[in-house]
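Architecture and fold: a report
These are the residues of each chain, in order.
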Amino acid sequence: MRFVIALATLALTACNAETPPEPVADAPATLFFGGTVYTGVEAERPANGVLVDGDGRIETVYFDPPPEEVFQRANLERVDLAGATLFPGFVDAHAHLLGIGERELYFDLTGTASVAELVSKVEAEVAKAAPGEVIYGDGWIETGWPEGRMPVARDLDAVSPDNPVILERADGHAMVVNTAALDAAGIDFDTLDPSGGMIERTDDGRATGILVDYAMSLVRPLIAEPTEQDLIAGYSMASDVYTARGWTGLHNMSVNPDHAPLLERLSLEDRLELRLHNAFDAAGFDIAIERRHETPRITNRAVKLYMDGALGSRGAQLTAPYADRPDTSGLSLTDDEKLAEHMRRASDQNVQLAIHAIGDLANKRILDAFEAQFGGSAAGVRWRIEHTQILRPQDIERVAGLGLIASMQPSHAIGDLYFAPARIGIDRLRGGYAWDSLIDAGAIIAGGSDAPVEVGSPTIEFYAAVARKGLDGFQDEGWYPEEAVSRENALKMFTYWPAYAAFMEDDLGTIEAGKLADFTVFDRDLMTIPEADILDAKPVMTVVGGEIVWRAE
């Protein structure tokens, strides 16, 4: 959600080994053995080992212990899993790579528990800053704060009367700024709301300091542009963090097209070891059309659009007003004419569209526009609805029938469902975060995290999908527990279906002979342990193209 910047079933018969043509003689190979291997192939029993050839592709899958002659093979590297569990590589199908790195490097407000704590953190940051220096941070979210409200300018003014302060909400769809920032940006009584944005005001017309969606653009010029070294540090840090969590790939959303050459360079220099499927801002259409700056680990064929904002900041566009704010139904960030124009261009140029939609009206508008463009199903284009969060129940079948991919983040549900019943009402949540209903209807769900909005943990996302409970086990009225998914479907959500959503299912998503050897290894079996124990699972090893890019000490 950040502003910054159906499926054919595989019916394969299990056998002891699947062997493609012989690899080049004497090429080094790697044998992974000594643990449980889930291939991800439907109805296939767990395997015992995987042999990877020197080109980083799977040579043989062993469903019985690998024969002794394999261990005697020349130039063989042996990787003993020591009882751990190996899966197809887990892929985060919606995240923001640069933001993940920046969260680790800069002023991070993640976990802030109250307005008072936020103000205290700002005070400490101001003490380190030069006079007049802009203080920028992000990651706060007011859900559950004792004050029961968002922070406002007057809170920040108390500790920073002179330094402009700009603090972005975790979802990237709202920010709070202080009076110094409002003044520096020229926001006053006469400033009009920009299209697709809102300046929140008091009853007498004074800006409160809360800027929603495109209104944030009014203060963005105050934030210094990152240098190339800043970008390198952010992207490299994100790659390190994500491989250490067990992710082998990431669908990178809202990418600044100016960063494409740098990402290409970092990938070729092995400073980015993740596989990236980039979705550029609309300004990057030409890169996606021409497929420029791709590498063996980077694909550039998608463009990201925005229909609305976020539920937390009441920017999500709804068919009826918010239950807790009947004066608003959210915001439209792209009008129907512009959406149709983008769709025509993408269809003509074979570009994948990834369209952000949270509210039920925003999702309905995409479905209506898709029907107008294609008439019926056009599954071949593999266009995606990013979040697909609140649907009218009658639109669930439409998503599947039109061949659209639902790109969804399970952790959003177990966070949002603490406040969503009050925000939009329990009845409207019947079509909210409707994972199992979408799958039953025949839709594909590409599972992601939306990090750095969320933590970006594969185990949290897997747990959220199968448990549909808070991290503490909480579940309340309006959570619709029947929308939790089976573990088999949860595995698809983070392996095969992201591969399909990136046009890479012939190479990734399952462990089969001939495919690329991308593996995620956990210290326990996510498919059989009690659901609460999933959160305690630890990554052991991350393998990309047969290379161990991260390993636990």
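Below: a short report on this structure. (Residues numbered from 1 in each chain as written. Predicted model: local features only at pLDDT ≥ 70, side-chain atom pairs only at ≥ 80, totals over all residues. Heavy atoms only, no water.)

What to know about the overall build of the chain
Along the chain, the regular secondary structure elements total 17 helices and 21 strands. For 553 residues, the compact-globule estimate of 2.2 N^0.38 gives 24 Å, and the C-alpha radius of gyration of the chain, at 24 Å, lies within 12% of that figure. Dimensions of the chain, computed from C-alpha atoms along their principal axes, come out at roughly 80 × 50 × 45 Å. Residues counted as buried form 59% of the 553 residues belonging to the chain. In the structure as shown, the chain presents an accessible area of about 20,700 Å², 49% of it carried by carbon and sulfur atoms. (Helix = DSSP H or I, 4+ residues; strand = E, 2+ residues; numbered from the N terminus. Rg over C-alpha atoms; globule rule 2.2 N^0.38 Å. Buried < 20%, exposed > 50% of the residue type's maximum accessible area, 1.4 Å probe, protein only. Areas by Shrake-Rupley, 256 points an atom, 1.4 Å probe, with all protein chains shown as cover.)

Focus on the sheet that holds strand β10 (residues 197-201)
Working definition: the strands of a sheet are paired by backbone hydrogen bonds and lie parallel or antiparallel to each other. What the five strands build is an open sheet, ordered β7-β8-β9-β11-β10; its pairing is mixed. Sheet topology places β7 (135-140) and β10 at the edges, where each strand pairs with a single neighbour. Neighbouring strand axes in the sheet, compared pairwise and without regard to direction, differ in orientation by 20 degrees on average. Pairing geometry for β7 and strand β8 (residues 165-169), over five bridges, is parallel. Its bridge partner being in β8, G137 is matched across the sheet by L167. (Pairing = 2+ DSSP bridges. Axes fitted to C-alpha atoms, helices over the stretch in contact; angles between N-to-C directions.)

Observations concerning the packing of aromatic side chains
The geometry of two aromatic rings is summed up by the distance between their centres and the angle between their planes. Evaluation of the coordinates by the stated rule reveals 17 aromatic pairs. When the ring of Y38 is compared with that of F87, the centres are 5.4 Å apart and the planes differ by 5 degrees; the resulting orientation is stacked. Taken together, the positions of Y38 in the loop between β1 (29-37) and β2 (47-52) and F87 in strand β5 (residues 85-88) put the pair 49 residues apart, joining distant regions of the chain. On the basis of relative accessible area, Y38 is assigned to the buried category, the value being 14%. (Phe/Tyr/Trp six-rings, centres within 6.5 Å; stacked < 30°, edge-to-face > 60°.)

A few points about the packing of helix α15 (residues 458-467) against helix α16 (residues 487-494)
Axis separation between α15 and α16 bottoms out at 9 Å; the angle between their running directions is 140 degrees. Relative to α16, the element α15 lies oblique. Handedness of the crossing formed by α15 with α16: right-handed. For the pair α15 and α16, the contacting residues are E461, F462, A465 and V466 in the first and R487, A490, L491, M493 and F494 in the second. (Parallel < 35°, antiparallel > 145°, perpendicular 65-115°, else oblique. Left-handed = near helix turned anticlockwise from the far one by under 90°. Contact = heavy atoms within 4.5 Å.)

A few points about the pattern of salt bridges
Summed over all chains, the structure comprises 33 salt bridges. Between R57 and D507 there is a salt bridge, with its nearest N and O atoms 2.9 Å apart. In this pair, R57 is assigned in the loop between β2 and β3 (58-62) and D507 in the loop between α17 (496-501) and β19 (519-522), connecting sequence segments 450 residues apart. Owing to a relative accessible area of 28%, R57 belongs among the partly exposed residues under this scheme. (Salt bridge = Lys/Arg side-chain N within 4 Å of Asp/Glu carboxyl O.)

Focus: α15
Counted residue by residue, α15 has ten buried out of ten residues, so it is predominantly covered. Buried residues of α15: P458, T459, I460, E461, F462, Y463, A464, A465, V466 and A467, and no others. Positive backbone phi, at 55 degrees, marks R468, one or two positions downstream of α15.

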